[in-house]
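Fold and contact review
Spelled out, the chains give:
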Amino acid sequence: DSGVTQTPKHLITATGQRVTLRCSPRSGDLSVYWYQQSLDQGLQFLIHYYNGEERAKGNILERFSAQQFPDLHSELNLSSLELGDSALYFCASSSSGGAYRNEQFFGPGTRLTVL
Amino acid sequence: GEDVEQSLFLSVREGDSSVINCTYTDSSSTYLYWYKQEPGAGLQLLTYIFSNMDMKQDQRLTVLLNKKDKHLSLRIADTQTGDSAIYFCAEGVNNAGNMLTFGGGTRLMVKP
């Protein structure tokens, strides 16, 4: 158990809908990262938050957004869902906000299926 | 640009050593990581190596880094059936906003 929790575990929804994925980092970790894992794209970095502020963006679509709250949990919002958004979404946390040694601990993931 | 590559599949017999290879392209990588993903689970951090090191050993795991060739390997000694999983290498780049760039993963199958 990494100490990172994600809810829900599974999510099935229809195209055009909007969903929210939730992540609670390990106790004391200030950084939260979101990744998308799909068969064709592999594991792709989406976005990084540190202590409530956005630090870096990766291959995140404009239809997707995230935020980190004062209690450090984070939410990833996916809207206007398309079939291709079906994937595993992972959250990871780390104590580091800086560039050096950045061990990230992953949650169990949310499996999103868009029908 | 950043690109991390791994072979797709490796099959070994129980008790043998497994060697999983990875190549990366970004010479400014500071840390390189190995993660393990079991079916239906998240990624578990196994070990990491700092880019100024050549080797790191951690129990049954040995990481070798050839910085000149940008080649990283993970050796698992005395491989067990419980080691069957997908193994990902990842590079952390000093100036890239702390994101990790992952390889496509190597599926390790351990036969009894």
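Below or above, wherever it landed, is the structure these notes cover. Predicted, not measured: the structure shown is a model, and the values here were computed from it. (Residues numbered from 1 in each chain as written. Chains lettered and ligands numbered in written order. Predicted model: local features only at pLDDT ≥ 70, side-chain atom pairs only at ≥ 80, totals over all residues. Heavy atoms only, no water.)

**With respect to the sheet that holds strand 8 (residues 71-76) of chain B**
Residue and element names in this part refer to chain B. The five strands are arranged 1-3-8-7-6 in an open sheet whose pairing can be described as antiparallel. Either end of the sheet is taken by a strand with one partner, and the two such strands are strand 1 (4-6) and strand 6 (55-58). Averaged over all neighbouring strand pairs, the angle between strand axes comes to 15 degrees, with direction disregarded. As judged from the four bridges shared by strand 6 and strand 7 (residues 61-66), these two strands associate in the antiparallel manner. Each bridged residue has a counterpart across the sheet, and for Gln57 the counterpart in strand 7 is Thr62. (Pairing = 2+ DSSP bridges. Helix = DSSP H or I, 4+ residues; strand = E, 2+ residues; numbered from the N terminus. Axes fitted to C-alpha atoms, helices over the stretch in contact; angles between N-to-C directions.)

**Considering unusual backbone geometry**
In this structure, the amide linkage connecting Thr7 of chain A to the following residue, Pro8 of chain A, adopts the cis form with an omega of -10 degrees. For Pro8 of chain A, the position within the fold is in the loop between strand 1 (5-7) and strand 2 (10-13). We note that Ser80 of chain A has phi near 45 degrees; this positive angle belongs to a residue other than glycine. A positive phi angle, close to 50 degrees, is found at Asp78 of chain B, a residue other than glycine. Within the secondary structure, Asp78 of chain B sits in the loop between strand 8 and strand 9 (85-93).

**Regarding the side chain of Asp83 of chain B**
Residue and element names in this part refer to chain B. Mapping Asp83 onto the fold places it in the loop between strand 8 and strand 9. Within polar-contact distance, the side chain of Asp83 engages the side chain of Arg60 at 2.9 Å. If we ignore the near neighbours within four places in the chain, the residues touching Asp83 are Lys36, Arg60, Ile76, Asp78, Leu108 and Val110. (Polar contact = N/O pair within 3.5 Å; in protein donor to acceptor, adjacent residues only side chain to side chain. Contact = heavy atoms within 4.5 Å.)

**Quick notes on the state of the cysteines**
Within the structure shown, the criterion is met by two disulfides over all chains. Through a disulfide, Cys23 of chain A is tied to Cys91 of chain A; the S-S separation comes to 1.7 Å. One end of the pair, Cys23 of chain A, is in strand 3 (residues 19-24); the other, Cys91 of chain A, is in strand 9 (residues 87-94), and 68 residues separate them in sequence. Here Cys91 of chain A falls in the buried class, since its relative accessible area comes to 0%. Sulfur-sulfur distance for the disulfide between Cys22 of chain B and Cys89 of chain B comes to 1.9 Å. Torsion about the S-S bond of the Cys22 of chain B and Cys89 of chain B cystine: about 70 degrees, corresponding to right-handed handedness. Linking Cys22 of chain B in strand 3 (residues 18-24) with Cys89 of chain B in strand 9, this pair joins segments that are 67 residues apart in sequence. Of the residues examined, Cys22 of chain B reaches a relative accessible area of 2% and is grouped as buried. (Disulfide = S-S within 2.5 Å. Buried < 20%, exposed > 50% of the residue type's maximum accessible area, 1.4 Å probe, protein only.)

**Re the pattern of salt bridges**
Residues and elements named next belong to chain A. By the definition in use, this model includes five salt bridges over all chains. Put simply, Asp29 and Arg26 hold a salt bridge, and the shortest N to O gap is 2.8 Å. Under the relative-accessibility criterion, Asp29 is labelled buried at 3%. Judged by its relative accessible area of 24%, Arg26 is partly exposed. (Salt bridge = Lys/Arg side-chain N within 4 Å of Asp/Glu carboxyl O.)

**So, the side chain of Asn77 of chain A**
Residues and elements named next belong to chain A. Secondary-structure assignment places Asn77 in strand 8 (residues 74-78). The exposure class of Asn77 is buried, given its relative accessible area of 7%. Of the polar contacts made by the side chain of Asn77, one reaches the side chain of Thr20; its length is 2.8 Å. Those residues in contact with Asn77 that lie beyond four places of it in its chain are Arg18, Val19, Thr20, Arg63, Phe64, Ser65 and Gln67.

**Quick word on the pairing of strand 5 (residues 42-50) of chain A**
All names here are of chain A. The element strand 5 is extensively covered by neighbouring structure, given that eight of its nine residues are classed as buried. Pairing analysis gives eight bridges linking strand 4 (residues 31-38) to strand 5, with the strands arranged antiparallel. When the sheet's bridge partners are listed, Trp34 is paired in strand 5 with Ile47. Direction of pairing for strand 5 relative to strand 6 (residues 53-57): antiparallel, over a ladder of four bridges.

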